[in-house]
Structure formats: structure tokens, C-alpha cells
Amino acid sequence: MQPLSDITVLDFSTLLPGPLCTLLLAEAGARVIKIERPDGDEMRGYVPRLGEDSVNFTLLNRGKTSVAVDLKDSDERARVLRLVEEADVLVEQFRPGVMQRLGLDYDSVARINPRIVYCSITGYGQTGPKARVAAHDLNYQAETGMLALAGDAQGRPVVPPALTADIAGGAYPAMMNILLALRQREHSGSGCHLDISMADNLFTMMYWGLGNGWGHGEWPRPAGDMVTGGSSRYQVYETADGRYLAAAPLEEKFWRGFVDVIGLPQLADEPDGEAVRQQVAAAVRRRTADQWMAAFEGRDTCVSVVASLEEAVRDPHFQARGIFEHEVANRDGQALPALPVPIAACLRMPAHRGRVPGLGEHTRQALPRKETRS
């Protein structure tokens, strides 16, 4: 029995944050009923495709059921409300006010089912001047100071490769709070409304910068601080063959081993700064990435080759860990590796249960029938 096998989740969300949150819940055993528009989640139409749906949709919706309804239709909405009566969790990702116009806001739902845990995931939260402003991950990173810290020495920000706000600021905190709310419900008997703001949650990831600013008035600068590229001990260096080494010998014992391997032991006691960084960079450029990794073999120096994503998924370590051994398949039997998720193997959905639902595939069996009027 999985930890959430007795939990039913109604998922009104689309695209990434909400669907990833409910994927995590499904992987832990929850029954996730995905409520879709008659034309489906927008992400179904993305490219590249795997059969009828996009690869993105396939990765995020493994193990769920799909119910297609028009929430603007009062009869269909009434049928959805009957699902609400028995649900444990509701996840929605609309801008504030949308669910209220549909009669599906927390107050309305809680009157039907006071035990429900109602999770709202938005960019800026349910309150505040920006609550209804449209934005995406890049905007949230820009407005919380995170994007500025990803800049070079001239302060030019670089578009980040990861959707940090959607995942680390949205999906993960949403799941965490849902689990906490379910635990609290065991004591209180009541559910609650969770206000998950993706922008708010980005600040947690910059704890060190906030601490420096609040504690000492030293606000971090791009390429000017320990973890933003301002240190020789936490840096990316180019090799002779045009590849890169990620070197993070922060602690003294790692640093001494690092400078010894690169042939500059005299730098061990030099103060960190631009002069040291230039000497290290010049030394690293003298050998290829493979030559350096051979030289660092067996030494604790915290050095890695910067791998491409394709190289990373083929890394013998990750292959040995089995993180790509689960599969997700569509209705035609086409399959690809399932998205790795941060759920322990002993708690996770069995590999054979990983099918993605077709649009509205489960509407008839999952949705209560319309009541006939005499």
C-alpha cells in the first residue's frame, strides 16, 4: 500500500506547476482526476509529440485519469461538484477570481466538503498588487532578484535553463503543503486553503544573499560573490579542448588538493581574487577535459566536467541508480523514460502503472451521471 493510496485529488491545473505537483501525488499512490476543458490541457498540443499528445504532457501526467468537462456549463459543473464531495485535495492554478466565477472557489467548495485541502498555485499569490498580473518563470526570477545574480561581470543576466519558479517555487512547495495539510486534518478534522506563490518561494533559494544583505548590508552582485562567480574556488574554467570544468573546492582541504593537481601549490595560501582566478584559468587551459579528470582521479577536489544533458542521462552513476528505469506509455503503447521525481523508490508508483490518459478517457466512469428530472 502506497502512502497516498486512500487520497483522491481533483486537478484543475494545466501546463507545468500544478500537473507536476499532482504527478508527485500520483507517484505516491493518490488517485488523481485531471479535470480538463473539452479541448484539453493546452500542453497536450505542444511539440515534440508522442502519438496524439506532446512529450511534455506525457511526462507530467503519468498515472492520472482524465475527465473532460465544460466548467461554464451549469449541468457539467454540478457533476464536478459531486466529485468535490468525496475529494481530499483540490489543486488549481488559475489567476485569483477565476474559480470564484465558476463557483469553485475555496469558500464554495468548503461548504460542500469542509475536509478538503484546497491548493491554489499562482505567480504572485492570492493577495497583493500583482496578484492578477500575467507572468512566467523568467518574470518571477527577474522580480525576486534571482535573475540579476545569474549575470556576468558586466551585469548582463543569462536566461536560466531551468524553470525554477514553476518547479522549486510552485510544484514542490505545493506538494509539501498538501501533505502537511492532510496531516493537520487528521488532528483538526478540517481542510484549509493553501496559497502557494511561486515568486514568494524563490526568495528561500537566495537565503545566503538575504542574510548578507540584512545582516551586513552587503547585497550580492553578479559575478561578485562566492556562489555567483566571484571566487576562484567556485568557478567554471575552460579546458584546452573547449570543454569546461566546474571546480568547487570551497573548503581548505579541497582547495589545497586542487591547486596541487593543477601545478600551482603556491596559491594555497594566496588570498582569493582576480589574480588567483586568472592563474588557475591559464593552468586549466593547458590540458583537455579528459586529461584533467584523469589527473583529479582519486583526489577529493570537487571537480566535474560540464556535461550536456544527453551525456548526463548516460552517466554510469545515474544509470546504476536506476532513475530512468520507469517508463510512461501512451494509449498506442509508445513509451519513453518517465520523468525522475524526488520520491523514494519504496513509496513510488510501480513502473507498470505509468500510462498517460487520453483526453476525457475516464469521463464516463469517473464523473457522476446527470440526474434525470421528472
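What counts as what
Residues numbered from 1 in each chain as written. Predicted model: local features only at pLDDT ≥ 70, side-chain atom pairs only at ≥ 80, totals over all residues. Heavy atoms only, no water. Pairing = 2+ DSSP bridges. Helix = DSSP H or I, 4+ residues; strand = E, 2+ residues; numbered from the N terminus. Axes fitted to C-alpha atoms, helices over the stretch in contact; angles between N-to-C directions. Contact = heavy atoms within 4.5 Å. Domains from an automatic or database assignment. Buried < 20%, exposed > 50% of the residue type's maximum accessible area, 1.4 Å probe, protein only. Arc of directions from axis to C-beta.

A. Spatial organisation of the sheet that holds strand S8 (residues 192-197). The strand order across the open sheet formed by six strands is S5-S2-S1-S6-S7-S8, and the pairing between neighbours is parallel. If you trace the sheet from one side to the other, it starts and ends with strand S5 (65-68) and S8, each paired once. Across the sheet, the mean angle separating the axes of adjacent strands is 20° when strand polarity is ignored. In this structure, strand S6 (residues 89-92) lies alongside strand S7 (residues 117-122), joined through four bridges in parallel fashion. Within S7, the residue paired with Val 89 across the bridge is Val 117. Strands in contact with helix H7 (residues 164-188) are S6, S7 and S8; relative to S8, the strand with the most contacts, it is inclined by about 160°.

B. Structural detail: the domain arrangement of the protein. The domain boundaries assigned to the protein delineate domain 1 (8-203 + 323-366) and domain 2 (244-305). On a C-alpha basis, the centroid separation for the pair domain 1 and domain 2 is 43 Å.

C. Summary view of helix H9 (residues 207-216). Among the residues of H9, those classed as buried are Gly 209, Leu 210 and Gly 213. On an axial view of H9, the arc spanned by its buried residues comes to 100°, and they lie on one face. Residues of H9 that are exposed and point more than 90 degrees away from the buried face comprise Tyr 207, Gly 215 and His 216. Backbone geometry just after H9 places Gly 217 at a positive phi near 70°.

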